[in-house]
Amino acid sequence: MIALGSDHAGLPLKREIIALLERMGLEYKDYGTYTEDSCDYAVFAQRAAKAVASGECERGILCCGTGIGISIAANKVPGIRCAACSDCYSAKMTRKHNDANMLAMGARVVGGELGQMIAEIFLTTDFEGGRHQRRVDQIAAIERGETLG
Ligand code: RB5
């Protein structure tokens with residue numbers, strides 16, 4: 001199950017992502033927003049991020065105007081590693097090296113076709129583990145308030 005969330009600015013790109021997920025045969029749950037009315041991205045970031053953090057959804061994809069505000073908000077939910085990406089290389093590497101569990105994109109930054117390519121790469125690339133697991137564990141330690149090194 002893929003968690004989706006957006007604000008009004010990200011809604012057109014979220015619709016492109018929904019079309020991609022349907023083509024890929026992947027189930028999704030859309031945590032809003034559902035209309036073009038102006039709204040606050042943090043509300044939808046939190047809803048979708050909680051679904052990922054709880055394990056209800058395996059991954060999440062968020063869209064706002066830039067992809068930045070909604071990613072910052074999602075990353076405040078413990079257990080979330082949300083990467084704001086606007087290129088395919090970053091989407092691939094954030095899965096391989098960071099085990100990112102959420103992707104954020106900006107509808108005012110990437111077009112629908114590029115957004116779909118980025119999302120497909122994010123959804124089909126595995127975490128490499130190894131030395132990268134140690135680094136992901138360090139991120140979790142920061143979240144727990146521990147001091148590294
Ligand atoms: C909304 O105008 C815009 O600020 C929002 O979608 C996002 O880009 C914030 O980071």
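In this report, the structure presented in the accompanying data block is examined. Here the structure is a predicted model, which is why all the values come from computation and not from measurement.

As for its placement among the helices and strands, Lys-76 is situated in the loop between helix H3 (68-74) and strand S4 (82-84). Look at Lys-76 and you get exposed, because its relative accessible area is 68%. Once the C-alpha coordinates of Lys-76 and Gln-46 are considered, the two residues, 30 residues apart in sequence, prove to be 8.3 Å apart.

Attention now goes to the site of the ligand. Lining the immediate surroundings of the ligand are Asp-7, Ala-9, Tyr-41, Cys-64, Gly-65, Thr-66, Gly-69 and Arg-108. Measuring from an oxygen atom of the ligand, one finds a side-chain N or O atom of Asp-7 at 2.6 Å. One of the backbone nitrogen or oxygen atoms of Gly-69 is found 2.9 Å away from an oxygen atom of the ligand. Relative to its unbound accessible area of 300 Å², the ligand is 69% covered by the protein chains. Partitioning the shell around the ligand into residue classes produces three nonpolar, three polar and two charged.

Bringing the sheet that holds S4 into the picture now. On the basis of which strands lie adjacent, the open sheet formed by five strands has the order S2-S1-S3-S5-S4 and parallel pairing. Looking at strand neighbours, the two that pair on one side only are strand S2 (28-30) and S4, the edges of this open sheet. Taking the axes of each pair of neighbouring strands and ignoring which way they run, one obtains an average angle of 20 degrees across the sheet. Where strand S1 (residues 2-6) lies against strand S3 (residues 59-64), five bridges are found, and the strand directions are parallel. Bridged to Gly-5 within S3 is Leu-62. This element, helix H5 (residues 112-124), spans S1, S3 and strand S5 (102-106) of the sheet and lies at about 170 degrees to S5.

For the rest of this paragraph, the subject is the pattern of salt bridges. Inspection of every chain in the model, using the stated rule, returns seven salt bridges. Salt-bridge contacts for Arg-15 lead to Glu-36; the nearest nitrogen and oxygen are separated by 2.9 Å. Linking Arg-15 in helix H1 (residues 11-24) with Glu-36 in the loop between S2 and helix H2 (41-53), this pair joins segments that are 21 residues apart in sequence. For Arg-95, the salt bridge identified is with Asp-99, shortest N-O distance 2.8 Å. Under the relative-accessibility criterion, Arg-95 is labelled buried at 3%. A relative accessible area of 21% places Asp-99 in the partly exposed class. By sharing partners, the salt bridges in this structure join Arg-81, Arg-95 and Asp-99 into a single network.

What follows concerns H5. Taking 1.5 Å as the rise per residue, H5 with 13 residues should run 18 Å; its terminal C-alpha atoms sit 18 Å apart, in good agreement. Those residues of H5 lying buried are Gly-115, Gln-116, Ile-118, Ala-119, Phe-122 and Leu-123. Mapping the buried residues of H5 onto a view down its axis gives an arc of 165 degrees, with all of them on the same face. Opposite the packed face of H5, turned more than 90 degrees from it, sit the exposed residues Glu-113 and Thr-124. Residues of H5 that are buried sit in contact with S1, H1, S3, helix H4 (88-96) and S5.

Criteria and thresholds
Residues numbered from 1 in each chain as written. Predicted model: local features only at pLDDT ≥ 70, side-chain atom pairs only at ≥ 80, totals over all residues. Heavy atoms only, no water. Helix = DSSP H or I, 4+ residues; strand = E, 2+ residues; numbered from the N terminus. Buried < 20%, exposed > 50% of the residue type's maximum accessible area, 1.4 Å probe, protein only. Near = heavy atom within 4 Å. Polar contact = N/O pair within 3.5 Å; in protein donor to acceptor, adjacent residues only side chain to side chain. Areas by Shrake-Rupley, 256 points an atom, 1.4 Å probe, with all protein chains shown as cover. Nonpolar A, V, L, I, M, F, W, Y, C, P; charged D, E, K, R; others polar. Pairing = 2+ DSSP bridges. Axes fitted to C-alpha atoms, helices over the stretch in contact; angles between N-to-C directions. Contact = heavy atoms within 4.5 Å. Salt bridge = Lys/Arg side-chain N within 4 Å of Asp/Glu carboxyl O. Expected span 1.5 Å × (residues − 1). Arc of directions from axis to C-beta.

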